[in-house]
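Examination of the molecular architecture
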Amino acid sequence: MAAASMCWSTTSLSLNDVVVIRAMSKGIGDRKFRDGAGLSMRKMIAVSIAVGSFILLADRSQAANRDGGTQLAAMCASCHRLDGGDGGIPTILGMGPEMLTRAMLAYRSRERPSHIMRAIALSLSDEEIATVARYLATLNK
Amino acid sequence: MKSRTRREFGRLTGGLALAALGPQLAASETKARVVVVGGGIGGATAAKYLAASARTIEVTLVEPKPNYTTCFFSNLYLAGLCSLESLTHGYETLAQRYGINVIHDSVTAVDPVAKTLELKSGPKLPYDRVVVAPGIAFNYDALAGYDEAATQAIPNAWNAGPQTQLLRRQLESMEDGGVFLLVAPPDPFRCPPAPYERASLVAYYFKQYKPHSRILILDAKDSFNAQDLFLDAWERHYRGMIEWLPAQFTGGVKAIDVKERSVRTASDTFKAAVVNVIPPQMAGQFAQQIGLVDQSGWCPVDPTTFESKLQPGTHVVGDATNAGDMPKSAFVANSQAKACAFAIAATLTGSERVPPHLFNTCYTFLSPDDAVSNAVSFKPAAGTIKIVDNFVSQVQESAETRHRTAREAHSWYAAFTRDTFG
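Procedures and definitions
Residues numbered from 1 in each chain as written. Chains lettered and ligands numbered in written order. Predicted model: local features only at pLDDT ≥ 70, side-chain atom pairs only at ≥ 80, totals over all residues. Helix = DSSP H or I, 4+ residues; strand = E, 2+ residues; numbered from the N terminus. Buried ≥ 20, exposed ≤ 12 C-beta atoms within 10 Å, placed from the backbone. Contact = placed C-beta atoms within 7 Å. Pairing = 2+ DSSP bridges. Axes fitted to C-alpha atoms, helices over the stretch in contact; angles between N-to-C directions. Domains from an automatic or database assignment. Nonpolar A, V, L, I, M, F, W, Y, C, P; charged D, E, K, R; others polar. Left-handed = near helix turned anticlockwise from the far one by under 90°. Right-handed = clockwise from strand over helix to strand, strands pointing away. pLDDT = per-residue confidence, 0-100. Parallel < 35°, antiparallel > 145°, perpendicular 65-115°, else oblique. Expected span 1.5 Å × (residues − 1). Core = buried A, V, L, I, M, F, W, Y, C linked by C-beta atoms within 7 Å.

1. Concerning the overall build of chain A
The secondary structure content of chain A amounts to seven helices and zero strands. When the helices and strands of chain A are read in sequence order from the N terminus, they spell out α-α-α-α-α-α-α. Per-residue burial over chain A gives 38% buried out of 141 residues. Expressed as a percentage of contacts within chain A between residues at least 6 apart in sequence, the contacts between residues at least 24 apart total 62%.

Here it is as structure tokens:
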């Protein structure tokens, strides 16, 4: 890993980091911010200080939901790249919670064929599907 | 050039944010310490998800080797369809991006009372929790004439690396018309379809370069994983090339003669140009050494936290576990490691914990363009882990479906190794 900017592309972040960056991006209303490319580390830190307490409060109020979403999404990450990379196995980022929920229910009912996704969809409750769909949507808005 | 790491950023932002609540929380000495022993799929996944799920946990990964070569997909290498380098993954990303302290060393002793691990090079590592992922060891006692030294002439090729390379060289230098003899192990063993995938892909290689050669499988079992799918594919792709002899026909393999390159069963002796013995297996040596193994030869674990039933505070993930219905596969190791990491994080940091979802997914190549898959969900029940749903490819699937599954398998490999090694 050579450059600081590399660390800040969404392709190199853990699930939690992506959530934090999202929160920061919301906080300052700058869509480009989440890419991190072109922003210096110093600026990133400055902004993170500015929004630090915001993140903390948001984190605490949504902690249970976020922990659940992180843990459920970790299951998706065994096959689906959650960094936007694609090829062969379809990406699940950018689908939006409604579309993702519909897809999961269609796999569960066998309306959409895939025995791998059927096993996953059957193992999740409706509430868990909603939680993971909401969580995944936050990764790619 | 020193690069900024996630961990450093975590200190900067997390530290500052925490400072608002109380500076003492940010001090590094209050961090909980988790040491992961073993850098295969289970160990690497556990380390990554522990580091990613809680900034207040300091994660150390101890692994003697500088990198890891995946067993899954190594049958493609044996057939000459990919390089071993393309299956080899380093620990740099785990160290740099996730701030994991990667130590290339071996653990020689554990003191579960003082909660310290002793490294071969001398230092002691204190821990609050330890995750052990030692993989498998081979039970050579079960096969007369075969031991560690014998693997230099007759490879087991069941840990990807030099053994796989040796078997590849032997297959390459074998003359057309030779016999490749594969000794398949008794249950349970690492990756149930893999011996038969190996036979399939070696047959694919023979068909192209040594079409008069044959493959003989001497099995310790009377049936095997996805047998109908394999037998169908062998008939379609490799008719007359692969012969499978179950234990009930041969009485089982009794002894190996390394000099003669022959295998003796209860009824016969089989001589071959190339022999691959996949020995009976048990939990990795380290698990045995520190007392995590019961009379089954494997490590009994709690089905939700993967904490050892024999040693509180120590968790075991991956092939070494006796995890009920869960087979020994890379996917299972990854799935268990995540459940284990979230359970440890919940204990050490108070994070919320959802019930674990445990899965196995398995892609198997019958030929490079003909692959099948299997998906199983599991659930902790009555102190063990039970299968909930089990879906598998069907014999009558179209060639197009099989081709799509093969392409999907390669994409899965890329996503899965990235999920594990960062």
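The structure having been displayed, the exposition proceeds.
2. Remarks on the overall build of chain B
Helix and strand counts for chain B stand at eleven helices and 24 strands. Counting over 422 residues, chain B shows a buried share of 51%. Contacts in chain B between residues far apart in sequence, at least 24 positions, make up 68% of those at least 6 positions apart.

3. A short note on the sheet that holds strand S23 (residues 370-381) of chain B
Strands belonging to one sheet form pairs held by backbone hydrogen bonds; the direction of such a pair is parallel or antiparallel. Residues and elements named next belong to chain B. Strand order across the open sheet formed by three strands is S22-S23-S24, with antiparallel pairing between neighbours. Of all the strands in the sheet, the pair left with one neighbour each is strand S22 (358-367) and strand S24 (384-392). Strand after strand, the sheet turns through a mean of 25 degrees between neighbouring axes, direction not considered. Both S22 and S23 contribute to a ladder of nine bridges, which runs antiparallel. Bridged to Thr361 within S23 is Ala375. Sitting on the sheet, helix H7 (residues 227-237) touches S22 and S23, and the angle it makes with S22 is about 20 degrees.

4. Considering the domain arrangement of chain B
Interface size, as often reported, equals the accessible area lost upon joining of the parts. Residue and element names in this part refer to chain B. Domain assignment breaks chain B into domain 1 (31-137 + 282-355) and domain 2 (140-279). When residues in the side of domain 1 that touches domain 2 are grouped by element, the largest group, five residues, is from helix H3 (residues 74-78). Looking at side-chain class alone, the side of domain 1 that touches domain 2 contains ten nonpolar, six polar and two charged residues.

5. Examining the packing of helix H2 (residues 41-53) of chain B against helix H10 (residues 330-349) of chain B
Residues and elements named next belong to chain B. Where H2 meets H10, the closest approach of the two axes is 8 Å, and the angle between their N-to-C directions is 35 degrees. Crossing of H2 against H10: the hand is right-handed. On the side of H2, the interface is formed by Ile41, Gly42, Thr45, Ala46, Tyr49, Leu50 and Ser53, while H10 contributes Ala330, Ala333, Asn334, Gln336, Ala337, Lys338, Cys340, Ala341, Phe342, Ile344 and Ala345. Split into classes, the residues belonging to the contact of H2 with H10 amount to twelve nonpolar, five polar and one charged.

6. Examining the pairing of strand S1 (residues 32-37) of chain B
All names here are of chain B. In this structure, S1 lies alongside strand S2 (residues 57-62), joined through six bridges in parallel fashion. The partner of Val35 across the bridge, within S2, is Thr60. Considered for its hand, the β-α-β crossover made up of S1, H2 and S2 is right-handed. When S1 meets strand S9 (residues 129-132), the two strands line up parallel, connected through four bridges. By the bridge assignment for S9, Val34 is matched with Arg129.

7. Some words on the confidence of the model for chain A
Here chain A averages 65 in pLDDT, while 49% of its residues score no lower than 70. When the criterion is pLDDT under 50, residues 1-61 of chain A qualifies, and its contacts beyond four places in sequence or with other chains add up to 88 contacts.

8. Regarding the packing of helix H5 (residues 97-108) of chain A against helix H7 (residues 126-138) of chain A
Residue and element names in this part refer to chain A. H7 packs onto H5 with a crossing angle of 140 degrees between their chain directions and a minimal axis gap of 8 Å. With respect to H7, the element H5 is oriented oblique. Every pair of crossing elements has a handedness; the one defined by H5 and H7 is right-handed. Residues Pro97, Leu100, Thr101 and Met104 of H5 form the contact with H7, whose participating residues are Ile129, Ala130, Ala133, Arg134, Leu136 and Ala137. Looking at the contact of H5 with H7, its residues break down into eight nonpolar, one polar and one charged.

9. Thoughts on the sheet that holds S1(B)
Residue and element names in this part refer to chain B. The five strands are arranged S5-S2-S1-S9-S20 in an open sheet whose pairing can be described as parallel. Of all the strands in the sheet, just strand S5 (101-103) and strand S20 (314-316) have a single pairing partner and so form its edges. Strand-to-strand twist of the sheet, defined as the mean angle between neighbouring strand axes without regard to direction, takes the value 20 degrees.

10. Here we look at H10(B)
All names here are of chain B. With 20 residues, H10 ought to run about 28 Å at 1.5 Å a step, and its terminal C-alpha atoms sit 28 Å apart, in line with that. Among the 20 residues in H10, 15 count as buried, and that is most of the element. Just past H10, the residue Gly350 takes up positive phi, approximately 80 degrees.

11. Some points on the pairing of S2(B)
Residues and elements named next belong to chain B. Most of S2 sits out of view: five of its six residues are buried. Looking at chain direction, S2 and S5 are connected through three bridges and run parallel. Among the inter-strand pairings, Val62 is bridged to a residue of S5, identified as Ile103.

12. Details of the nonpolar core
All names here are of chain B. Membership of the largest hydrophobic core comes to 155 residues, with the highest contact counts inside it found for Val36, Ala46, Ala47, Leu50, Leu94, Val202 and Ala287. In terms of residue count, H10 provides more of this core than any other element does, eleven residues in total. A domain-level breakdown of this core finds at least three residues from each of domain 1 (31-137 + 282-355) and domain 2 (140-279). Dropping the residues within four chain positions of it, Ala47 is found in contact with Val36, Val59, Leu61, Leu94 and Ile100.

13. Looking at the environment of B:Asp419
Relative to the helices and strands, B:Asp419 is located in helix H11 (residues 399-421). Overall, B:Asp419 belongs to the buried group, with 23 C-beta atoms counted inside 10 Å. Along the backbone, B:Asp419 and B:Lys48 are 371 residues apart, and their C-alpha atoms lie at a distance of 8.7 Å. Ignoring anything within four residues of it in the chain, the contact list for B:Asp419 reads A:Ala77, A:Ser78 and B:Asn334.

14. What about the confidence of the model for chain B?
Residues and elements named next belong to chain B. Here chain B shows a mean pLDDT of 92. Residues at 70 or above account for 93%. Segment residues 1-28: pLDDT under 50, and 42 contacts once partners within four positions in sequence are set aside and those in other chains are kept. Scoring of the predicted complex yields 0.85 for pTM and 0.88 for ipTM.

15. Digging into unusual backbone geometry
Residues and elements named next belong to chain B. Cis rather than trans, the peptide bond between Asp187 and Pro188 has omega equal to -10 degrees. In this fold, Pro188 is placed in the loop between strand S11 (179-184) and helix H6 (194-209). In this structure, Ala226 takes a positive phi of about 55 degrees despite not being glycine. Relative to the assigned elements, Ala226 resides in the loop between strand S12 (214-219) and H7. By the C-beta count within 10 Å, which is 21 here, Ala226 ends up buried. In the Ramachandran plot, Ala382 falls in the positive-phi region, its phi being about 50 degrees despite a non-glycine side chain.

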